[in-house]
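# Observations on the three-dimensional arrangement
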Amino acid sequence: MKIDVLTLFPAMFAGPLDESIVRRARDTGKLDLQLHNLRDYTHDRHRTVDDRPFGGGPGMLLKPEPIFEAVEHLRGENTRVILLTPAGRLFNQAVALELAQREHLLLICGSYEGVDERVRQFLVDEELSIGDYVLTNGALPAMVIIDAVTRLLPGVLGDEQSAHEESFSRERLEYPQYTRPADFRGMKAPEVLLSGHHAEIAKWRAAQAELRTAQRRPDLLAGTDRPPAGDERQTE
Ligand code: 4G0
């Protein structure tokens, strides 16, 4: 997969995408990731990317010309052009699976108070949001999406993980897991997990996953895709 990112802050991307699984996906050629500085698509002496909104109001907007020039330069026949914005469709695992099927993504990181509406209307295929909060720019949302999509690309994770993803399809939360020591400072791992009874272990895990999902994310069991209102911290 090819992912191009258009951003005012390419330096923000050093670090998260240079480590671990995304690093390996890039090194093995499964992910071709390129960062592009929006300022490189300006022509004036001050490399201006923003301007004041017509009609007045606070803040600045990203002006259309550099974004249009960049996208027209970078896009190809099979490019999905995506704008990261708080007003976008909510990104989740189903969207990640959808994006992982594409051959080329072009992620536009908005910033300031937003972007000129003509970018949305005439250049962008879809707008995505990683959650209902406002960030200073779209770089972190872009990195979140790149990470979530990369681990779904063929051969990036082992077969074991893909089989796991498949069976759960993220409709249940993960069951509790333990590793050695079996007794850590008096905090014991559940006996059943040490028993070697594979059928019993599978049953326990399924029950735990169900219980945990019911307690923490009943919305997942209801088959909707939004958490309920409220901020109570659930106990085990
Ligand atoms: C466009 C995405 C981009 C418009 C981007 C802000 C949060 C997200 C930006 C705005 C972002 C997210 C109108 C504030 C840049 N913040 N939730 N900031 N406005 O995915």
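Further up the page is the structure itself.
A quick note: this is a predicted structure, and the numbers were derived from the prediction, not measured.

### Some thoughts on helix α8 (residues 198-216)
Here α8 is 19 residues long and its end C-alpha atoms lie 27 Å apart, about the 27 Å a rise of 1.5 Å per residue gives. Every buried residue of α8 is listed here: Ile-201, Trp-204, Ala-209, Arg-212 and Thr-213. The buried residues of α8 occupy one face: seen down the axis, they fall within an arc of 160 degrees. Seen from the open side of α8, the exposed residues pointing more than 90 degrees away from its buried face are Ala-199 and Lys-203.

### With respect to the site of the ligand
Not every one of the 16 residues close to the ligand is listed here, only the nearest: Glu-113, Ile-130, Gly-131, Tyr-133 and Leu-135. One of the backbone nitrogen or oxygen atoms of Glu-113 is found 3.3 Å away from a nitrogen atom of the ligand. Within the side chain of Ser-129, an N or O atom sits 3.2 Å from a nitrogen atom of the ligand. In isolation the ligand offers 470 Å² of accessible surface; the protein chains occlude 89% of this area. Comparing atom positions with the cavity grids shows the ligand to sit within the second largest pocket. Tallying contributions element by element places strand β5 (residues 79-90) first for the shell around the ligand, with three residues. Of the residues contributing to the shell around the ligand, the split by class is seven nonpolar, eight polar and one charged.

### Some details on the side chain of Asp-116
On the secondary structure map, Asp-116 appears in the loop between β6 (104-109) and α4 (117-122). A relative accessible area of 13% means that Asp-116 is categorised as buried. Once you skip the residues sitting within four places of it in the chain, Asp-116 turns out to touch Leu-62 and Pro-64.

### A short note on the side chain of Arg-80
You can see Arg-80 is positioned in strand β5. A polar contact is formed between the side chain of Arg-80 and the side chain of Glu-126, at a distance of 3.4 Å.

### Side note on the nonpolar core
If you look at the biggest cluster of nonpolar residues, it comprises 29 residues, and the most contacted ones within it are Ile-3, Leu-31, Leu-99 and Leu-107. Broken down by secondary-structure element, the contributors of at least two residues to this core are β1 (2-7), α1 (20-27), β5, α3 (93-99), β6 and α5 (139-150). Residues in contact with Ile-3, not counting those within four places in the same chain, are Leu-31, Asp-32, Leu-33, Gln-34, Leu-105, Leu-107 and Ile-146. Core analysis: the second largest hydrophobic core is formed by 18 residues, Leu-8, Val-81, Val-119 and Val-124 among them.

Rules used in this analysis
Residues numbered from 1 in each chain as written. Predicted model: local features only at pLDDT ≥ 70, side-chain atom pairs only at ≥ 80, totals over all residues. Heavy atoms only, no water. Helix = DSSP H or I, 4+ residues; strand = E, 2+ residues; numbered from the N terminus. Expected span 1.5 Å × (residues − 1). Buried < 20%, exposed > 50% of the residue type's maximum accessible area, 1.4 Å probe, protein only. Arc of directions from axis to C-beta. Near = heavy atom within 4 Å. Polar contact = N/O pair within 3.5 Å; in protein donor to acceptor, adjacent residues only side chain to side chain. Areas by Shrake-Rupley, 256 points an atom, 1.4 Å probe, with all protein chains shown as cover. 1 Å grid on protein atoms, 1.4 Å probe; cavity = no way out; pocket = protein on both sides within 12 Å on 5 of 7 lines; lining within 4 Å. Sits in = over half its atoms within 2 Å of the grid points. Nonpolar A, V, L, I, M, F, W, Y, C, P; charged D, E, K, R; others polar. Contact = heavy atoms within 4.5 Å. Core = buried A, V, L, I, M, F, W, Y, C linked by side-chain atoms within 4.5 Å.

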